[in-house]
Amino acid sequence: MSGTEQLDPGIAARLKRDRDGLVAAVVRQHDTGEVLMLAWMDDEALRRTLSTGRATYWSRSRGEYWVKGATSGHHQFVKSVALDCDGDALLISVDQVGPACHTGTRTCFTDELPVQTGELFQESHR
């Protein structure tokens, strides 16, 4: 990479980044819709993802780019990328090889929290 490549200006203009220049990337399995993980991208990570077809993220803890699977072998092959209507989140559809979570689980979303549900609540919202 020569370092002169940039994210398409039309795409960059639509992004609404946080104060650190990042956009949330929700990652899902392309054929089942299963939500796998949440990661962060800046313009360069998104450019790399779009141009290589390999999911590339910005690690906030390490302060560096990482290609999913480069060290673990649990690759994410990108099938599509969608920008939400506000421009502040991306939906990355991937073919996940192996676990998506660094803990070794298929998805990072394994800890369900209790939610109050019931007929009274449902009746009041009809």
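Residues numbered from 1 in each chain as written. Predicted model: local features only at pLDDT ≥ 70, side-chain atom pairs only at ≥ 80, totals over all residues. Heavy atoms only, no water.

A.B. asks: Looking at this structure, how should I read the environment of Gly104?
C.D. replies: Mapping Gly104 onto the fold places it in the loop between strand 6 (89-96) and helix 3 (119-124). When the C-alpha atoms of Gly104 and Ser72 are compared, they prove to be 9.9 Å apart, with 32 residues separating the residues in sequence. (Helix = DSSP H or I, 4+ residues; strand = E, 2+ residues; numbered from the N terminus.)

A.B. asks: Help me out: how do you make sense of the pattern of salt bridges in this one?
C.D. replies: Opposite charge on two side chains allows them to pair when their charged atoms are near. For the structure shown, the criterion picks out five salt bridges. In this structure, the salt-bridge partner of Asp43 is Arg17, at a minimum N-O distance of 2.8 Å. Of this pair, Asp43 sits in helix 2 (residues 43-52) while Arg17 sits in the loop between helix 1 (9-14) and strand 1 (23-29), and the two are 26 residues apart along the sequence. For Glu34, the salt bridge goes to Arg106, with nearest N and O atoms at 3.1 Å. Linking Glu34 in the loop between strand 1 and strand 2 (35-41) with Arg106 in the loop between strand 6 and helix 3, this pair joins segments that are 72 residues apart in sequence. Judged by relative accessible area, Glu34 falls into the partly exposed class, the value being 30%. (Salt bridge = Lys/Arg side-chain N within 4 Å of Asp/Glu carboxyl O. Buried < 20%, exposed > 50% of the residue type's maximum accessible area, 1.4 Å probe, protein only.)

What is shown is where atoms sit, not what they do.
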